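Each chain, written out:
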Amino acid sequence: MTSSPTSRASRSPSPDGPRGDLFDPQCPTRRLLDRIGTKWTSMAVKVLAEASPEEVRFAELQRRMAGISQKMLSATLQGLARDGLVGRRVEATVPPRVYYRLTPLGLTLEEPLAALREWAEAHMAEVDRANRRSEQQQA
């Protein structure tokens, strides 16, 4: 008898509780993947990982992440902090200086995201060609 993805996942608990199951529509794993699977999250994790263990100021993150708005960067960092992936420190200056760093949990995310970024950069031309072919066939 073969096991389904669901039964395999439920047999492999994580050290902190039951393991998630991506194939269960109610599983929070889906929401977590939505949050960590964005280009902005990948870029923020990369910048913070390169600086680790040092902190990076908000303005420096925004400068290094070309094209991100202040609002989007703020939302991305808030989500990462809420998930325990990023730590935030505020200096009570005028204006306040806000610093970010990856937590130990956040550091564990850099390797898989780096692999995904590398794959995307290596295969982008092929994906672009496939998209153009698809558009031409539909025209």
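Below: a short report on this structure.

What counts, and where the lines are drawn
Residues numbered from 1 in each chain as written. Predicted model: local features only at pLDDT ≥ 70, side-chain atom pairs only at ≥ 80, totals over all residues. Heavy atoms only, no water. Helix = DSSP H or I, 4+ residues; strand = E, 2+ residues; numbered from the N terminus. Buried < 20%, exposed > 50% of the residue type's maximum accessible area, 1.4 Å probe, protein only. Contact = heavy atoms within 4.5 Å. Areas by Shrake-Rupley, 256 points an atom, 1.4 Å probe, with all protein chains shown as cover. Polar contact = N/O pair within 3.5 Å; in protein donor to acceptor, adjacent residues only side chain to side chain. Pairing = 2+ DSSP bridges. Phe/Tyr/Trp six-rings, centres within 6.5 Å; stacked < 30°, edge-to-face > 60°. Lys NZ or Arg CZ within 6 Å of the ring centre and 35° of its normal. Core = buried A, V, L, I, M, F, W, Y, C linked by side-chain atoms within 4.5 Å. Salt bridge = Lys/Arg side-chain N within 4 Å of Asp/Glu carboxyl O.

## Focus on the overall build of the protein chain
Within the protein chain, the secondary structure is distributed over 6 helices and 3 strands. When the helices and strands of the protein chain are placed in sequence order, the string is α-α-α-β-α-α-β-β-α. Each of the 139 residues in the protein chain was classed as buried or not, and the buried ones make up 25%. Contacts in the protein chain between residues at least 24 apart in sequence constitute 40% of all its contacts with a sequence separation of at least 6. Entry remark: accessible area of the protein chain is about 9900 Å², with carbon and sulfur atoms responsible for 55%.

## Section: the side chain of S42
Relative to the helices and strands, S42 resides in helix α3 (residues 39–51). Judged by its relative accessible area of 8%, S42 is buried. Separated by 3.0 Å, the side chains of S42 and R117 make a polar contact. Aside from chain neighbours lying at most four places away, what touches S42 is L113 and R117.

## What about the side chain of E110?
Relative to the helices and strands, E110 is located in helix α6 (residues 104–138). Look at E110 and you get buried, because its relative accessible area is 17%.

## Some points on the pairing of strand β3 (residues 97–102)
The two faces of the sheet receive side chains in turn, since in a regular strand these alternate between them. Where strand β1 (residues 56–57) meets β3, 2 bridges bridge the pair, whose relative direction is antiparallel. Bridge assignment links V56 to a residue of β3, and that residue is Y100. Note: strand β2 (residues 86–91) against β3, 6 bridges, orientation antiparallel. Bridge pairing links V90 to V98 in β3. Linking two consecutive strands that pair antiparallel, namely β2 and β3, is a turn of 5 residues.

## Examining the packing of aromatic side chains
This model, assessed by the stated rule, comprises 1 aromatic pair. Where F58 meets Y100, the ring centres are 6.4 Å apart and the plane angle is 50°; that geometry is what we call tilted. Of this pair, F58 sits in helix α4 (residues 58–64) while Y100 is found in strand β3, placing the two residues 42 residues apart along the sequence. Looking at F58, the relative accessible area reads 15%, which means it is buried. Between the NZ or CZ atom of R89 and the centre of the ring of Y99, over which it lies, the distance is 4.4 Å.

## Thoughts on the nonpolar core
Counting residues in each nonpolar core, the largest one holds 22 residues, and the members touching the most others are L48, L61, M65, L73 and Y100. Here the element with the most residues in this core is α3; it accounts for 6 residues.

## A short note on the pattern of salt bridges
Applying the stated criterion across every chain, the model contains 7 salt bridges. When the shortest N-O distance is used, the salt bridge between E50 and R64 registers 2.7 Å. A residue pair is termed long-range when its members are at least 10 positions apart, and E50 in helix α3 and R64 in helix α4 qualify at 14 residues. R64 gets classed as partly exposed once you look at its relative accessible area, which sits at 37%.

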